[in-house]
Amino acid sequence: MKRLFSILADYIRETDKVLLIFVFIASSFGCVAVLSATAYTENLRQFFTQLTAMISGLVVIFIVSNFDYKNYKKYWFLVAAIGLIPVFLTFFIGYAPEGTDDKAWLLLPGNISFQPAELLKICFIITFAVHLSKVKSTINKLKTLLPLLLHGIFPVALIHFQGDDGTALVFAAILVCMLFVAGLKRRYFIIAFSAVILAAPFIFFFLLSEDQKARILYLFDLESNLQGIGFQQWMGRIALANGGIFGQGLFRGELTQIQGVPEGHNDFIFVSVGEELGLLGCFAIIIIIGVICFRCVRIARLSADDMGMYISSGLFAMLLTQSAVNIGMCTSLLPVIGITLPFFSAGGSSLLCVMLGMGIALSVYKHRNTGTIYLHE
């Protein structure tokens, strides 16, 4: 028992306590938000799923953060397999939960659904960090850059063909951020950005579905199609307005408690919090996620090597992109593309994988120094 306490004491001393505390606050806040947003169903399944994922995630954080992230260099192929195989399985035995069209989930024993793309994000960040750390000195040479781009574009294309363009966008953001941090010259970003701008009309008219076009066009006329493609965002705006500054109170949201906003416990959890806890609740979410993102950047700067810096930067890009796009969706600034809010949206696999990522970030922090002397030693 004494040895256990000394190990825990060493862990607390060596870990990023601010990040750990805010991860706990975010996941706890998310559990309460999900409980309130699903109270109208009188079914606690979503809440218990979220709570179980949170508790499991804290255990995962403790285990993973004690594992030296540098060892991923040896086992990158195993990490890649763990991330890719479940995604490939969705093309054959994929499952689409009620309310979704994409067969991007796997149905596990016990009627448990799992979204492999969430795990692939973390695995991609690790394998791409390994790749970047090996070729950093020649990253601006085409013979080095092309394999890197193939490595990065592959998961984007894979998730796109799976039908989840929102998650594919997150992968693209992670790719861009990690390349930037690795020192890729600005001219490549300028060329890529210019190519996207030039290709935008072609993408809009020939590659996007009618539904995707309608969601984009709706943003230019928010009073149109309120009973169709714009219904979710229209109700979201009403719910946010209902909340005012202080909100209507937990379990008292006028629209939240009658499922007035579709996916109010999932993609639109920000809206549910806004109605029940008001503008202050929304600011609290933004501040909590902002602190977690800032700590990831700080860990990247403190990292002992390039690989740790790339991993932390990739995690930062993942959290920032998902949060910004999700909040943009909820406030009608961006089209609805099915991206969850990290730590808050209902979904056990999403929360568990985000906390796995935080465990890896804490591993980078914990192992930033060598030769640390522990109490139990």
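## Focus on the pattern of salt bridges
- The tally for this structure, following the rule as stated, stands at seven salt bridges.
- One salt bridge in this structure joins Arg13 and Glu14, with 3.5 Å as the shortest N-O distance.
- Two residues, Glu210 and Lys213, come together in a salt bridge whose shortest N-O distance is 3.5 Å. With Glu210 and Lys213 both in helix α9 (residues 210-218) and three residues apart, this pair spans about one turn of that helix.

## As for unusual backbone geometry
- Positive phi values are uncommon outside glycine, yet Glu42 reaches one of about 55 degrees.
- Looking at the element boundaries, Glu42 is found in the loop between α2 (17-37) and α3 (45-66).

## Section: the packing of helix α5 (residues 116-135) against helix α6 (residues 142-162)
- One way to put it is that α5 packs onto α6 with a least axis distance of 10 Å and a crossing angle of 175 degrees. Of the possible angle classes, the one that applies to α5 and α6 is roughly antiparallel. Of the residues in α6, those in contact with Ala117, Leu120, Phe124, Thr127, Phe128, His131, Leu132 and Val135 of α5 are Thr144, Pro147, Leu148, His151, Gly152, Pro155, Leu158, Ile159 and Gln162.
- A breakdown of the residues in the contact of α5 with α6 according to their chemical character gives 11 nonpolar, six polar and no charged.

## Some details on the packing of α2 against α3
- The geometry of α2 relative to α3 is characterised by a closest axis approach of 8 Å and an angle of 170 degrees between their N-to-C directions. Compared by their axis directions, α2 and α3 come out roughly antiparallel. Between α2 and α3, the contacting residues are Leu20, Val23, Phe24, Ser27, Ser28, Cys31, Val34 and Leu35 on the first element and Gln46, Phe47, Gln50, Leu51, Met54, Leu58 and Ile61 on the second.
- The residue makeup of the contact of α2 with α3, split by class, is 11 nonpolar, four polar and no charged.

## Some points on the environment of Leu106
- In this structure, Leu106 sits in strand β1 (residues 106-108).
- If near-sequence neighbours (up to four positions away) are discounted, Leu106 is found in contact with Pro86, Leu89, Thr90, Ile93, Ile112, Ser113, Phe114 and Pro116.

## Considerations on the nonpolar core
- If you look at the biggest cluster of nonpolar residues, it comprises 93 residues, and the most contacted ones within it are Leu132, Ile292, Ile311, Leu319, Phe343, Phe344 and Met358.
- With 13 residues, α5 is the single largest residue contributor to this core.
- Discounting residues that sit within four places of it in the chain, Phe343 has contacts with Val23, Ala26, Ser27, Gly30, Gln50, Ile292, Leu319, Leu351, Val354, Met355 and Met358.

## Some thoughts on the side chain of Thr321
- Relative to the assigned elements, Thr321 resides in helix α12 (residues 306-330).
- Exposure remark for Thr321: the relative accessible area of 16% places this residue in the buried category.
- In this structure the side chain of Thr321 is engaged in a polar contact, spanning 2.7 Å, whose partner is the backbone oxygen of Ala317.

## What to know about the environment of Ser113
- Tracing the sequence through the fold places Ser113 in strand β2 (residues 112-114).
- For Ser113, a relative accessible area of 34% puts it in the partly exposed group.
- Residues Ser113 and Met235, spaced 122 residues apart in sequence, show a C-alpha to C-alpha distance of 28 Å.
- Sequence-distant contacts of Ser113, defined by excluding residues within four places in its chain, comprise Tyr95, Trp105, Leu106 and Leu107.

Conventions we followed
- Residues numbered from 1 in each chain as written.
- Predicted model: local features only at pLDDT ≥ 70, side-chain atom pairs only at ≥ 80, totals over all residues.
- Heavy atoms only, no water.
- Salt bridge = Lys/Arg side-chain N within 4 Å of Asp/Glu carboxyl O.
- Helix = DSSP H or I, 4+ residues; strand = E, 2+ residues; numbered from the N terminus.
- Axes fitted to C-alpha atoms, helices over the stretch in contact; angles between N-to-C directions.
- Parallel < 35°, antiparallel > 145°, perpendicular 65-115°, else oblique.
- Contact = heavy atoms within 4.5 Å.
- Nonpolar A, V, L, I, M, F, W, Y, C, P; charged D, E, K, R; others polar.
- Core = buried A, V, L, I, M, F, W, Y, C linked by side-chain atoms within 4.5 Å.
- Buried < 20%, exposed > 50% of the residue type's maximum accessible area, 1.4 Å probe, protein only.
- Polar contact = N/O pair within 3.5 Å; in protein donor to acceptor, adjacent residues only side chain to side chain.

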